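One-letter residues, chain by chain:
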Amino acid sequence: MGKNKILVVDDQMGIRLLLKEILKNEGYEIEEATTGKEAIDQISVNSFDLMILDYKLPIMDGTEVLEKLEKDNVEIPAIVMSGLVENIASEAMKSKLVKSVIAKPFNINEFVEKVHAIVRN
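Residues numbered from 1 in each chain as written. Predicted model: local features only at pLDDT ≥ 70, side-chain atom pairs only at ≥ 80, totals over all residues. Heavy atoms only, no water.

### Quick look at the pairing of strand 3 (residues 50–54)
Inference 1: Burial analysis of strand 3 places 5 of its 5 residues in the buried class, which makes it a mostly covered element.
Inference 2: Because side chains alternate across strand 3, one face comprises the buried residues Leu50, Ile52 and Asp54, and the other comprises Met51 and Leu53, equally buried.
Inference 3: Where strand 1 (residues 5–9) lies against strand 3, 4 bridges are found, and the strand directions are parallel. Bridging from a neighbouring strand, valine 8 pairs with isoleucine 52 of strand 3.
Inference 4: Bridge count between strand 3 and strand 4 (residues 78–82): 4 bridges; the pairing is parallel. From the neighbouring strand, isoleucine 52 faces strand 4, where its bridge partner is isoleucine 79.
Inference 5: Tracing the backbone out of strand 3, into helix 3 (residues 62–71) and back to the parallel element strand 4 gives a crossover that is right-handed. (Buried < 20%, exposed > 50% of the residue type's maximum accessible area, 1.4 Å probe, protein only. Helix = DSSP H or I, 4+ residues; strand = E, 2+ residues; numbered from the N terminus. Pairing = 2+ DSSP bridges. Right-handed = clockwise from strand over helix to strand, strands pointing away.)

Here you go:
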């Protein structure tokens, strides 16, 4: 069995690097995208076991990414991250793709547990 592939979508390089390091240490294969459009492009050519999606992205935000994937019938579980989790939780959870919403800054151990629970499900 190959490594599980995760797409990390965030416009902040620091967050991408942190998540990449954490998840690689857990044995996942990581791809990155800095914009919603880049995420859509990557998903159209690769298959991923999970997408970690920042809610606030330039050009195409997290909600628009989720709507586009649903419209195209792309099945990819997602964890949505936001600094304003109270404001977006109900909005993000409208998408059937969203399995969890986490607040930034997040507890790394809780984050890893959520990733394992979704990917190994």
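There is more to say after this.
### With respect to helix 3
Working note: α-helix, 3.6 residues per turn, so residues spaced by three or four point in the same direction.
Inference 1: Within the sequence span of helix 3, burial applies to Gly62, Thr63, Val65, Leu66 and Leu69. Down the axis of helix 3, the buried set is contained in an arc of 160 degrees. They therefore lie on one face.
Inference 2: One side-chain oxygen at the N-terminal end of helix 3 lies 3.0 Å from the backbone nitrogen of threonine 63; it belongs to aspartate 61.
Inference 3: Asparagine 73 occupies a position one or two residues after helix 3 and carries a positive phi of about 55 degrees. (Arc of directions from axis to C-beta. Polar contact = N/O pair within 3.5 Å; in protein donor to acceptor, adjacent residues only side chain to side chain.)

### As for the sheet that holds strand 4
Inference 1: The parallel open sheet is built from 5 strands, whose spatial order is 2-1-3-4-5. Where the open sheet ends on each side, the last strands, each with one partner, are strand 2 (29–33) and strand 5 (98–103). In this sheet, neighbouring strand axes are inclined to one another by 20 degrees on average, regardless of whether the strands run parallel or antiparallel.
Inference 2: As paired elements, strand 4 and strand 5 share 5 bridges and run parallel to each other. Residue pairing across strands places isoleucine 79 opposite serine 100, the latter belonging to strand 5.
Inference 3: Of the strands in this sheet, strand 1, strand 2, strand 3 and strand 4 touch helix 1 (residues 13–25), which is tilted by about 170 degrees from strand 2.
Inference 4: Strand contacts of helix 2 (residues 36–45): strand 1, strand 2 and strand 3, with the helix running at about 135 degrees to strand 2, the strand carrying the most contacts. (Axes fitted to C-alpha atoms, helices over the stretch in contact; angles between N-to-C directions. Contact = heavy atoms within 4.5 Å.)

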